[in-house]
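Commentary on secondary and tertiary structure
This is what each chain is made of:
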Amino acid sequence: MYAQITQFKKMLHTLSRLLDKAQQHAEANNFEPEVLLNSRLSPDMLPLTNQVQMACDTAVLATAVLTGEQATGFEDTEKTIPELKARIEKTIGYVASMKEGDFAGWEERIVAPKGWAGALLGKDYFCQHAVPNFYFHMVTAYAILRHKDVRIGKMDYIGQLPFLR
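**Thoughts on the overall build of the chain**
Looking only at helices and strands, the chain features six helices and two strands. Sequence-ordered secondary structure for the chain, helices as α and strands as β, is α-α-α-α-β-β-α-α. Its C-alpha atoms give the chain a radius of gyration of 16 Å, near enough to 15 Å, the size a compact globule of 165 residues would have. Dimensions of the chain, computed from the C-alpha atoms along their principal axes, are close to 50 × 45 × 25 Å. Residue burial in the chain is summarised as follows: out of 165 residues, 39% are buried. Relative to all contacts within the chain whose residues are 6 or more apart in sequence, the contacts with residues 24 or more apart total 69%.

Written as structure tokens, this is what we have:
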């Protein structure tokens, strides 16, 4: 479990780097970065800002729920790339604060995240909701930036692999 949660950290770092590229793209093309932050793939989808917020929220909630902690949500007040990057850093800090032992019993822990109608096993929550939801928002953020011609590619999304030398 701990290794799977640390994947959230890796991908959140990736999200921060994608926002750096979005900022550079806006500057190079003489428009305000908020144009990208308010962009969406479809009229009925949430914009980039919300995709970043929800990826962060999912990582925080999954970490809290699976360690038996009370989830500490963030208010959705970010309006700029630096503010979103700060939220990502807070999220990474929270996820990184947990140790492997904090997740003891996560698979069989009965969880009932706030606002949910029922309870389920931790392993079902994590595998069937938290992971797919996290990656949905990650991929959607990436796709919005690609759709807006930000020069990013697959390796920008996958990130650096820790090769043994």
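**As for the environment of Asp102**
Structurally, Asp102 can be placed in the loop between α4 (81-96) and β1 (110-111). When the C-alpha positions of Asp102 and Glu69 are compared, they lie 9.3 Å apart, and in sequence the two are 33 residues distant. Beyond its immediate chain neighbours, meaning those up to four positions away, Asp102 contacts Leu66, Thr67 and Ser97. Here the side chain of Asp102 touches Lys99 through a polar contact of 2.7 Å, landing on its backbone nitrogen.

About the cut-offs
Residues numbered from 1 in each chain as written. Predicted model: local features only at pLDDT ≥ 70, side-chain atom pairs only at ≥ 80, totals over all residues. Heavy atoms only, no water. Helix = DSSP H or I, 4+ residues; strand = E, 2+ residues; numbered from the N terminus. Rg over C-alpha atoms; globule rule 2.2 N^0.38 Å. Buried < 20%, exposed > 50% of the residue type's maximum accessible area, 1.4 Å probe, protein only. Contact = heavy atoms within 4.5 Å. Polar contact = N/O pair within 3.5 Å; in protein donor to acceptor, adjacent residues only side chain to side chain.

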